Amino acid sequence: MKTNWFICRSTSLLISGLLMSYILSSQAPFINIIPKPVNLITKKNSFIYDHNTVMLYDSNIPGIVPIADIIVNQLSITKVNTPARKNYISLSIDKKIVNPEGYKMDVNRNFIRITAKTTAGLFYGTQSLIQLINFNTRENKIPALEISDSPAFPYRGMHLDVSRHFAPVDFVKKYIDLMSKYKFNKFHWHLTDDQGWRIEIKKYPRLTEIGAYRDSTLAGRYSEIPRKFDKTRHGGFYTQEEIKDIIDYAGERFVEIIPEIEMPGHCMAALAAYPEYACTTSPVSVWPIWGVSEDIFCPTEETFTFLTDILSEVADLFPGKYIHIGGDEVPKKRWKESSFCQELIKKENLKDEHELQSWFIKRIEKFVNSKGKTIIGWDEILEGGLAPNAVVMSWRGEAGGIEAAKQKHNVIMTPGSYCYFDHYQSLDPGEPVAIGGYTSLEKVFSYKPIPEELLKSQSKYILGAQANLWSEYFTTTKQVEYMAYPRAIALSEVLWTNSAKRDFSNFIKRIIPHQRYLKQKGLNISDHLINLEHKTINTGSKVLFTINAPAGIDTRIFYTKNGAIPDPEALVYRDSIVITNDSKIKYQAYFNDTPLYPVYNADFKMHMGAGKKIELKNKPAEQYAKGGNEVILNGIMASTDRYSDKEWLGFLDTDFEGTIDLETPDYIDQVKMRFYNYNHVGIFTPREIEIYGSKDKADFKMIGGMKLANFRDSNILDANIRIFDKKRYRYVRVIVKNSEFAKEYQKNQVQKYNWLFIGEIVIE
Ligand code: ACM
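Residues numbered from 1 in each chain as written. Predicted model: local features only at pLDDT ≥ 70, side-chain atom pairs only at ≥ 80, totals over all residues. Heavy atoms only, no water.

Visitor: Give me the lowdown on the overall build of the protein, citing residues and values where you can.
Guide: When its secondary structure is counted, the protein shows 19 helices and 39 strands. In terms of C-alpha radius of gyration, the protein reaches 30 Å, essentially the compact-globule figure of 27 Å for 764 residues. The principal-axis extents of the C-alpha atoms in the protein amount to approximately 100 × 100 × 50 Å. Within the protein, the fraction of its 764 residues that count as buried is 56%. The long-range share in the protein, meaning contacts at least 24 apart out of those at least 6 apart in sequence, stands at 72%. Per element, the accessible surface of the protein, about 33400 Å² overall, is 51% carbon and sulfur. Averaging the coordinates of the 97 positive side-chain charges in the protein and doing the same for the 92 negative ones gives two points 5 Å apart. (Helix = DSSP H or I, 4+ residues; strand = E, 2+ residues; numbered from the N terminus. Rg over C-alpha atoms; globule rule 2.2 N^0.38 Å. Buried < 20%, exposed > 50% of the residue type's maximum accessible area, 1.4 Å probe, protein only. Contact = heavy atoms within 4.5 Å. Areas by Shrake-Rupley, 256 points an atom, 1.4 Å probe, with all protein chains shown as cover. Lys, Arg positive; Asp, Glu negative; His and termini not counted. Charge placed at Lys NZ, Arg CZ, Asp CG, Glu CD.)

In structure tokens form, the structure reads like this:
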């Protein structure tokens, strides 16, 4: 009997197993390749590899061996030269394929064939195959399919700033290697800036002896008051031998390196080493802080000799077509004050300092062109007239790129809001410090590099786009990885596939195994695939807490109210959560059964005003009221270190006046208010607060107040106003008068803002 029972059970297991595999095999496999191939058809059957599988290719094709080796090493198979009839993987050239980077792949039960016009195409086909092996293979079975694929854009770039923080050779290689796996083909290497010169120049050794090191670095946020410095020497540079090694490494991966030598600004490190090329004689040091320096190159003959000597060595070293010469963020103060520059402007018949910069860039371009290379410059090179052959890198939005394309110049798009990966990738307050901004994975994925306003005849000038990774806040290479990935994976699909209809949910489904795999391989890839955003609504008596996931994503959200980490056993979020008491909400999304990180928090400390309605006399600025006007009465304190946090309400050049309806008259002991302080960007604390009470919303009586001195000690000012009139009031009017100190401070500033940022009005 026992035996019988066992047979029965195993038979039923067998049947259900067969049923399962039938169901699985009858469904078309979901292919996880990123960037998504342009044409892909899945078929029945699969290719099964084993120890008899052979790798077939013509070893006479230059550069093919390392590509074949990628597959050979991955599958531990044997290389052969003699044709096989089945069980083989082949790489071969097919001149009929149009796109030089395109490829075709045919997987069936007998073979896998990858064909391409060039070895670059074979390399990309190989990368797709490796992804199939990593993410779509079960029991050595690679699903049968046909792919015909080619990139939408010829320029698919990633940038890395090694000036603000140096990155060692091994890391640069790792960065390039990973780029190439996602079919990026341009590495823009930002080698020089105010904070460090990183490339050996034989003729000017002090560039690296002095310019490659700084004595101290800003620690923490630029906006933090008071500022802190680490007082630690930081630096490093690449010898020309190391650079050659990196160029070879990149070349094997079909990545062209574009070196950037910044001029005429962002050059403090060079001027620290060779101060004679500045317009003033005041000493310059390798900069310990971020921002834009007024010290720039002076356009003397000696400076041009210095710069063209440097560019000569750079042109000899790098085999690629492009040299990036910077051109961004050049304050003209030094040139305005220099009698030499003013004479030069007259002599060359130039209108102003902008035309002088254009004259400078044109002269440099002529030299670079004479070396057989093309210059790329940031979009400021449009000001004062473009150099004849220059490629424009559009970073201040897309306007520069659009203008350049209209002028028939090639363009690389790097608009901040989509392509600056030094921005935050989530609004989670627990994020490591970043420069600012917010560029989510979804935002990157939505990017369309060809602006709608361009005609078809103009859009051909858009060569592609690039992610920029400025390293001010990348104190470790782990942080570079965190900021670059997964966003680079989204950009790879923008640049290669560029589908007209983006399906973010489909992308999320494909990226999950990539993220898991890269994490296993030790990459510090960020968890942020989708961002949940919460919003609060005041009903007048309580706060409703709502959570939004990106539209069209099949997620479930779980939450707790007591600070515990949510799991699928926790409460399921449906439409909103009612908050009446102090609560520590934690919430997390799940995509099918995969938890998506991070776990988000919202801490409520309820007070008499929390959940109440407020009428505002003056409107807040739209961009600093994204959480609605009632965020200042929702029981959540605004962040102490990010005024971009949606819990802040920002008012520009106006006082604040708000009337709060407590609904039932009550005694008030005190009113507490939180303000942000950051004079550098025009945010000031107020000069005075007045509190009024009313029973009927008609007669208001002053019940408390406070005058405030100029405040410069820290980013947060918490004011506590005691109420001296102890009666019951239903209406509380709060008047906050904006800073007068701002006017005095603004005298020396270009931007003359007077912002008032309110974090919460706590009524107790
Ligand atoms: C730039 O971000 N200054 C090009």
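Visitor: Describe the environment of Val292, and please don't skip the residues or the numbers.
Guide: Relative to the helices and strands, Val292 is located in the loop between helix H7 (268-273) and helix H8 (301-317). Taking relative accessible area as the criterion, Val292 reaches 39% and is therefore assigned partly exposed. Linking Val292 and Phe47, residues 245 residues apart in sequence, is a C-alpha distance of 57 Å. Here Val292 is in contact with Trp287, Glu329 and Pro331, once residues within four sequence places are set aside.

Visitor: Outline the state of the cysteines, supporting the account with residue identities and numerical values.
Guide: Under the counting rule described, the total for this entry stands at one disulfide. A disulfide bridge connects Cys279 with Cys298, and the sulfur atoms are separated by 2.2 Å. Here Cys279 and Cys298 share a disulfide; its torsion about the S-S bond, 90°, makes the bridge right-handed. Taken together, the positions of Cys279 in the loop between H7 and H8 and Cys298 in the loop between H7 and H8 put the pair 19 residues apart, joining distant regions of the chain. Residue Cys279 is classed as partly exposed on the basis of its relative accessible area of 22%. No disulfide involves Cys267; its nearest neighbouring cysteine sulfur is the one of Cys279, lying 9.8 Å away. Residue Cys267 is classed as buried on the basis of its relative accessible area of 3%. (Disulfide = S-S within 2.5 Å.)

Visitor: Now, about empty space enclosed by the protein: what can you tell me, with residues and values included?
Guide: Taken as a whole and assessed by the stated rule, the structure comprises two cavities of 30 Å³ or more. Lining the second largest cavity are Phe171, Lys174, Tyr175, Leu178, Glu481, Tyr485 and Leu523. Tallied by class, the residues present in the lining of the second largest cavity amount to five nonpolar, no polar and two charged. (1 Å grid on protein atoms, 1.4 Å probe; cavity = no way out; pocket = protein on both sides within 12 Å on 5 of 7 lines; lining within 4 Å. Points joined across faces, edges and corners; volume = space filled by probe spheres on them. Nonpolar A, V, L, I, M, F, W, Y, C, P; charged D, E, K, R; others polar.)

Visitor: Explain the sheet that holds strand S6 (residues 111-116) to me, and be specific about the residues and the numbers.
Guide: Read across the sheet, seven strands follow the order S1-S7-S5-S6-S4-S2-S3 without closing on themselves; strand pairing throughout is mixed. Looking along the sheet, the strands with just one partner apiece sit at the ends: strand S1 (39-48) and strand S3 (78-80). Mean inter-strand twist for the sheet, computed between neighbouring axes without regard to direction, equals 20°. Pairing between strand S4 (residues 88-93) and S6: six bridges, direction parallel. Residue pairing in the sheet places Ile89 in a bridge with Ile112 of S6. (Pairing = 2+ DSSP bridges. Axes fitted to C-alpha atoms, helices over the stretch in contact; angles between N-to-C directions.)

Visitor: Summarise the packing of aromatic side chains; cite the residues concerned and give the values.
Guide: This model, assessed by the stated rule, comprises 47 aromatic pairs. Measuring from centroid to centroid gives 6.0 Å for Phe171 and Tyr175, while their planes differ by 40°, and the two rings are tilted. Taken together, the residues Phe171 and Tyr175, both in helix H4 (residues 169-181) and four residues apart, mark about one turn of the helix. Given the relative accessible area of 5%, Tyr175 is considered buried. Three or more aromatic residues link up through ring pairs in this structure, and these residues are Tyr624, Tyr643, Trp648, Tyr676, Tyr678, Tyr753, Trp755 and Phe757. The ring of Trp496 carries the charged tip of Lys183 above its face, separated from the ring centre by 5.6 Å. (Phe/Tyr/Trp six-rings, centres within 6.5 Å; stacked < 30°, edge-to-face > 60°. Lys NZ or Arg CZ within 6 Å of the ring centre and 35° of its normal.)

Visitor: So what's going on with unusual backbone geometry? Residues and values would help.
Guide: Each neighbour pair has its own omega, and for Ile225 with Pro226 the value is -10°, a cis peptide bond. Within the fold, Pro226 resides in the loop between strand S13 (218-219) and strand S14 (228-229). The amide bond that connects Tyr485 to the next residue, Pro486, takes the cis arrangement and shows omega of 15°. On the secondary structure map, Pro486 appears in the loop between helix H16 (477-484) and helix H17 (487-496). For Phe254, which is not glycine, the phi dihedral falls at a positive 60°. Mapped onto the secondary structure, Phe254 falls in the loop between helix H6 (240-252) and strand S16 (256-263).

Visitor: I'd love a proper account of the pattern of salt bridges, names of residues and values included.
Guide: Per the stated rule, a full pass over the model turns up 45 salt bridges. The salt bridge partner of Glu472 is Arg164, with a shortest N-O separation of 3.7 Å. Of the two residues, Glu472 is situated in the loop between strand S23 (462-467) and H16 and Arg164 in the loop between strand S8 (155-161) and H4; the sequence distance between them amounts to 308 residues. A single burial state applies to Glu472 and to Arg164, both of which are buried. The shortest N-O distance in the salt bridge between Glu690 and Lys737 comes to 3.2 Å. You can see Glu690 sitting in strand S35 (residues 688-694) and its partner Lys737 sitting in strand S38 (residues 728-737), a full 47 residues away along the chain. (Salt bridge = Lys/Arg side-chain N within 4 Å of Asp/Glu carboxyl O.)

Visitor: Residue-level account of the side chain of His324, with values.
Guide: Position of His324 among the secondary structure elements: in strand S17 (residues 322-326). Among the polar contacts made by the side chain of His324, one reaches the main-chain amide nitrogen of Gly326 at a distance of 3.0 Å. For His324, the contacting residues outside a window of four places in its chain are His188, Ile258, Pro259, Glu260, Ile261, Ile376, Gly377, Trp378 and Met393. (Polar contact = N/O pair within 3.5 Å; in protein donor to acceptor, adjacent residues only side chain to side chain.)

Visitor: Now, about H6: what can you tell me, with residues and values included?
Guide: Spanning 13 residues, H6 covers 19 Å between terminal C-alpha atoms, matching the ideal 18 Å at 1.5 Å per step. For H6, the secondary structure elements touched by its buried residues are H4, strand S9 (186-190), S16 and H8. Looking one or two places after H6, you find Phe254, whose phi comes out positive at around 60°. (Expected span 1.5 Å × (residues − 1).)

Visitor: Report on the sheet that holds strand S37 (residues 716-722), specifying residues and quantitative values.
Guide: Ordered in space as S32-S39-S34-S37, the four strands form an open sheet in which the pairing is antiparallel. Of all the strands in the sheet, just strand S32 (649-652) and S37 have a single pairing partner and so form its edges. The sheet shows a mean angle of 30° between the axes of neighbouring strands, taken without regard to direction.

Visitor: Help me get a handle on the environment of Leu463, residues and values and all.
Guide: Among the structural elements, Leu463 can be located in strand S23. For the pair Leu463 and Val284, spaced 179 residues apart in sequence, the C-alpha separation works out to 38 Å. In this structure Leu463 touches Phe153, Pro154, Tyr155, Tyr322, Val391, Asn410 and Val411, once residues within four positions along its chain are discounted.

Visitor: Give a detailed account of the environment of Glu442, specifying residues and quantitative values.
Guide: Within the fold, Glu442 resides in helix H14 (residues 441-445). Each C-alpha atom, one on Glu442 and one on Phe507, is 9.6 Å from the other, the two residues being 65 residues apart in sequence. Ignoring any residue separated from it by four or fewer positions in sequence, one finds Glu442 in contact with Phe504 and Pro550.

Visitor: So, the pairing of strand S33 (residues 656-667): which residues are in play, and what are the values?
Guide: Alignment of strand S31 (residues 613-616) against S33, held across four bridges, turns out to be antiparallel. Within the sheet, the bridge partner assigned to Ile614 lies in S33 and is Ile660. Pairing analysis gives eight bridges linking S33 to S38, with the strands arranged antiparallel. Opposite Phe656, over in S38, you have Val736 as the bridge partner.

In short, shape yes, function no, at least from these values alone.
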